[in-house]
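Residue-level structure breakdown
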Amino acid sequence: MEEDFYFSKKQFIKGLKMPKSIDGLMMKRGDVSLAKINGEWKKYTESVPRGRKPLSNHDDLVLIGYGNDVEIEREKLSQEQIETLIIEMENNQ
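Let me begin by describing the structure that accompanies this report. (Residues numbered from 1 in each chain as written. Predicted model: local features only at pLDDT ≥ 70, side-chain atom pairs only at ≥ 80, totals over all residues. Heavy atoms only, no water.)

**With respect to the packing of aromatic side chains**
In this description, an aromatic ring pair is defined by two values, namely the gap between the centres and the angle between the planes. One pass over the structure, following the stated rule, counts 2 aromatic pairs. Considering the side-chain rings of Phe5 and Tyr44, the 5.0 Å spacing of their centres and the 80° angle between planes classify their relative orientation as edge-to-face. Separated by 39 residues along the polypeptide, Phe5 in strand S1 (residues 2-7) and Tyr44 in the loop between strand S5 (40-43) and strand S6 (46-49) bring together distant segments of the chain. Judged on exposure class, the residue Phe5 and its partner Tyr44 are both buried. Relative to Phe12, the ring of Phe7 lies with its centre 5.5 Å away and its plane at 45°, an arrangement referred to as tilted. The positively charged end of Lys43 is found above the aromatic ring belonging to Phe12, 5.8 Å away from the centroid. (Phe/Tyr/Trp six-rings, centres within 6.5 Å; stacked < 30°, edge-to-face > 60°. Helix = DSSP H or I, 4+ residues; strand = E, 2+ residues; numbered from the N terminus. Buried < 20%, exposed > 50% of the residue type's maximum accessible area, 1.4 Å probe, protein only. Lys NZ or Arg CZ within 6 Å of the ring centre and 35° of its normal.)

Shape descriptors only; they carry no functional weight alone.
Laid out in structure tokens, this is it:
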């Protein structure tokens with residue numbers, strides 16, 4: 001299935017700051033979703049079937065790429081990495 005991948009700094013920071021539940025699935029704080037799009041690993045905050053509208057409505061949501069059978073990984077961050085990322089991303093807004 002072909003999917004569109006989106007990224008939002010606001011959504012990413014929110015996810016790092018607190019645990020969240022998506023359709024009953026608990027996402028642990030510090031998990032980063034990565035997709036390998038055109039040979040490059042990119043952070044994403046949402047994926048939807050190709051051509052569908054994203055579910056979130058963050059004003060900074062951007063399409064970062066799409067693909068068919070894209071390789072996906074989750075990276076677990078340390079508390080120090082989480083705090084550094086939050087500071088960096090908040091300063092770049």
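On we go from here.
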